[in-house]
Amino acid sequence: MEQVTNQTKFYGDGGKYLGILAVNFILTIITLGLYYPWARAKNLQYIYGETEFSGNRLMFHGTGKEMFKGFIKAMVVIVILYGIYFSALRSADSTFRLVGTLVFLIGFLLLIPLAIHGGLRYRMSRTSWKGIHFGYRGKLGELFGIWFKGVFFTIITFGIYGSWFSVNLRKYIISNIRLGNVKFRFDGEGGDLFIINLKFILVYLSLGIYIFWFLRNHNHFAINNLKVVQDDFPVTFRSTLTPGEIFTTSIVNVLIVICTLGIGLPWAIIRNMRMVFNNIELDGAFNPDSIVQTEESYADATGDDLLSMLDIGFDF
Amino acid sequence: MLFAGKYFDGKSSVAYPAQIELRPDDIHITYTLADGTTAQINWPQENIHKNDLDSHGKVLLKYGEYPFQYIEVEDSGFATALKTAYPEANFHKGVYQFISGAGARGLALLVLAVIAISLLFYFVVVPEIAEQMAIRMPHKWEVELGNSAFESMISEEKIDTENSARLQHFFKKLHYEKSDEVNLYIINQSVVNAFALPGGKIIVYEGLLRKMDNYQQLAALLGHEYSHIELKHATRNLFRTLSGSLFISLLAGDAHGVGSFVLQNANQLKQLGYSRSLEKAADINGLKLMEANRIKPDGMAQLFEVLKKAEGGNEPVSFLSTHPLTTERIDYVNEEIKRGNYKTEENVQLDSLWKEIKRNLED
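Let me sum up the structure you'll find in this document.

The rules we used
- Residues numbered from 1 in each chain as written.
- Chains lettered and ligands numbered in written order.
- Predicted model: local features only at pLDDT ≥ 70, side-chain atom pairs only at ≥ 80, totals over all residues.
- Heavy atoms only, no water.
- Contact = heavy atoms within 4.5 Å.
- Buried area = accessible area lost by both parts, 1.4 Å probe.
- Salt bridge = Lys/Arg side-chain N within 4 Å of Asp/Glu carboxyl O.
- Helix = DSSP H or I, 4+ residues; strand = E, 2+ residues; numbered from the N terminus.
- Nonpolar A, V, L, I, M, F, W, Y, C, P; charged D, E, K, R; others polar.
- Expected span 1.5 Å × (residues − 1).
- Buried < 20%, exposed > 50% of the residue type's maximum accessible area, 1.4 Å probe, protein only.
- Pairing = 2+ DSSP bridges.
- Axes fitted to C-alpha atoms, helices over the stretch in contact; angles between N-to-C directions.
- Phe/Tyr/Trp six-rings, centres within 6.5 Å; stacked < 30°, edge-to-face > 60°.

### A short note on the interface of chain B and chain A
Now for step 1: Facing 37 residues of chain B, the contacting portion of chain A comprises 45 residues.
Now for step 2: Of the roughly 3,300 Å² buried between chain B and chain A on both sides combined, carbon and sulfur atoms contribute 66%.
Now for step 3: In this structure, the connection of chain B to chain A is made through one salt bridge.
Now for step 4: Between Lys58 of chain B and Glu52 of chain A there is a salt bridge; the shortest N-O distance is 2.9 Å.
Now for step 5: Of all elements in the fold, only β1 (2-8), β5 (59-63), β6 (69-73), α2 (98-136) and α7 (233-251) of chain B reach the threshold of two or more residues within the side of chain B that touches chain A.
Now for step 6: By residue number, the principal contributor to the side of chain B that touches chain A is α2 of chain B, which donates twelve residues.
Now for step 7: Broken down by class, the residue content of the side of chain B that touches chain A amounts to 22 nonpolar, seven polar and eight charged.

Here you go:
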């Protein structure tokens, strides 16, 4: 195989994105929220469709209809949980109050890995590159194991284990992502992330200036440890993002948003995406033409909708 | 018309060089395989997926069922050619299509529409929905709401039960429509105040009763507080506040910080305005109730004089207050009294009940 450098690139346009968000907003508000799943689908279709790797766009195939069905199911789950919680709060019986509150808390704790699992299956199945669909093959039971071990140790170590938890989760998820017959791998270590997070103290000591190095480190940790495995041969992504670039992009973005009283937000979002994606390349031998479709379709968007409702910022 | 592009078959990632012909009923694709031979496929236009036909000069057309086939054409004329070849087709129609051609003016109009609709919803639609929901809220819920507020506010206070019963009796003699649903409490405290809770509880502090001189004033006070209950003011106020701030947090959800802070505070100012309008409504309705009982309406104005004295001239600024300024209240009540044609007569029974309450106030 020949040595090729494959670049990612983001083509989004602030004006077009503003138009999409405006139409989404208007339709969502006049339908009293019912249009929201379609708005979300359109948003993702646009963002994915403007993202290119090695000359070919990503495609998002999720539809408003799928997301609407998921939205309703997710809504039912959340309403039931809150229903239990509120009737427990209003109950005169103190055992029921305690049990109801516990069911509510544990329900949410269970819901998060469930939502991540379902969300990944859906989001991956509905994303393709060069006509080849992604897929997520993780097992729910294994994810639960990692999740509860992580939550437990993070609590008893007062948050210190959080870095390892986050890396374990990422390793598991990424190692279960497929693009046809291509696999992925995450080689980062919890210890490294811990050091990066520990250095957040420097942000205070430097009166904020270190934040740009902190963000760069996070970006590099996420990207430079990401591997594509083709025919058992790993190829590494590399980020060329610099603290200076983060600094200029952020300052200009803040100015754009403030000077336009918020109307310029879509431009700021697009500029951010461009900054991240235009700095990613795949370093090494990767053959984009030998990938074969392997993944099955998965159309249940409940997990994806739950993630969006629980407002868990998951970076796909 | 013939265009050059790439064809992806949805089975492998190979980009086949392709010739794309737009025929009347279908798109005809001729693509070249690795071994140099060609293959052909036809796409009936009705199975082509929705498309904006605009991603920086590149058009990606998707076809059929999972796993999808698609073609990619990097020719600026392709989008127009598609629209001309299939003017009736659905795949290039939809609410988002106009954005690409909208230009700066179109976008500005769109932003204006967003602002106009937000304002319309914030000032008209959302308050109206909140109002309708509050009015339709089951009475049982209101009572529950009032009870829990009562418990948390009053549980530490000392209630004068005997005198409360007298007040209850006085109230009953006013013959209001929902008299039976209302409970009255006198609290042993020098505070010059009184308030109503949703569902039907009126709390009067002893301090206020001490400052009052006649039964007309008490009737005015109870008429005002009863109006709050009858007109569901507390619930309406609550629904208004919640819906307004929920709407704002949905709007400004992503823009945390300064913008959201400014909006939420502006929302509170608007809310205070609503609260003042409810107070005025209770004052006016209270007057009507007095009229029905043939009680001298001056009692309402006198009641406000009592409040004014208690405030000691330290009135807050009107727009930062939940109640209208007391001086304002005196003015509009007097005006209302002048306008109405009040027939009044002395009510001996109420007078004696009032005197008994007054006599029994604890020292």
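### Focus: helix α6 (residues 162-175) of chain A
Now for step 1: In a regular helix each residue adds 1.5 Å, so 14 residues correspond to 20 Å; α6 of chain A covers 20 Å between its end C-alpha atoms and thus fits that length.
Now for step 2: Within α6 of chain A, burial applies to Ser163, Phe165, Val167, Leu169, Tyr172, Ile173 and Ile174 of chain A.

### Some words on the sheet that holds strand β7 (residues 183-187) of chain B
Residues and elements named next belong to chain B.
Now for step 1: Across the sheet, which stays open at both edges, the three strands sit in the order β7-β9-β8 with mixed pairing between neighbours. Edge positions in the sheet fall to β7 and β8 (194-197), since each has one partner strand and no second. Within this sheet the neighbouring strands show an average axis-to-axis angle of 20 degrees, counted without direction.
Now for step 2: Across five bridges, β7 lies against strand β9 (residues 201-205) in parallel orientation. Looking at β9, one finds that Tyr185 is bridged to Ile203.
Now for step 3: Taken strand by strand, helix α6 (residues 215-230) contacts β7, β8 and β9, and its axis lies near 25 degrees from that of β8.

### Quick notes on the pairing of β9 of chain B
Put simply, side chains in a regular strand alternate between the two faces of the sheet.
Residue and element names in this part refer to chain B.
Now for step 1: For β9, the buried fraction is high: five of the five residues fall into the buried class.
Now for step 2: Burial along β9 is two-sided: Lys201, Ile203 and Tyr205 facing one way and Ile202 and Val204 facing the other are all buried.
Now for step 3: Sheet analysis places β8 next to β9, joined by four bridges and oriented antiparallel. The residue of β9 that forms the bridge with Ala194 is Val204.

### With respect to the pattern of salt bridges
Now for step 1: This model, assessed by the stated rule, comprises 28 salt bridges over all chains.
Now for step 2: Residue Lys130 of chain A is joined to Asp289 of chain A by a salt bridge in which the shortest nitrogen-to-oxygen separation is 2.6 Å. You can see Lys130 of chain A sitting in the loop between β4 (127-129) and β5 (132-136) and its partner Asp289 of chain A sitting in the loop between β10 (280-284) and α12 (302-310), a full 159 residues away along the chain.
Now for step 3: Lys130 of chain A gets classed as buried once you look at its relative accessible area, which sits at 3%.
Now for step 4: In this structure, Arg236 of chain B and Glu131 of chain B form a salt bridge, with 3.0 Å as the shortest nitrogen-oxygen distance. Here Glu131 of chain B lies in helix α2 and Arg236 of chain B lies in helix α7, a separation of 105 residues in the sequence. The same class applies to Arg236 of chain B as to Glu131 of chain B, namely buried.
Now for step 5: It is possible to trace a salt-bridge network through shared partners that takes in Glu50, Glu52 and Arg57 of chain A together with Lys6, Lys58 and Glu72 of chain B.

### Details of the pairing of β5 of chain B
Residues and elements named next belong to chain B.
Now for step 1: Burial within β5 is extensive, with five of its five residues counted as buried.
Now for step 2: Across five bridges, the pairing between β5 and β6 is antiparallel. Within β6, the residue paired with Tyr63 across the bridge is Gln69.

### What about the packing of aromatic side chains?
Now for step 1: Considering all chains together, one arrives at 41 aromatic pairs over all chains under this definition.
Now for step 2: Both rings, one in Phe200 of chain A and one in Phe214 of chain A, keep their centres 4.8 Å apart while their planes meet at 70 degrees; by these two values the pair is edge-to-face. One end of the pair, Phe200 of chain A, is in the loop between α7 (190-198) and α8 (201-205); the other, Phe214 of chain A, is in helix α9 (residues 211-224), and 14 residues separate them in sequence.
Now for step 3: For Phe200 of chain A, a relative accessible area of 29% translates into the label partly exposed.
Now for step 4: Ring centres of Phe3 of chain B and Phe78 of chain B lie 4.9 Å apart, and the angle between their planes is 70 degrees; this geometry places the pair in the edge-to-face category. You can see Phe3 of chain B sitting in strand β1 and its partner Phe78 of chain B sitting in helix α1 (residues 78-85), a full 75 residues away along the chain.
Now for step 5: Clustering of aromatic rings is evident, with ring pairs tying together Tyr82, Tyr85, Phe86, Phe104 and Phe108 of chain A.

Shape descriptors only; they carry no functional weight alone.
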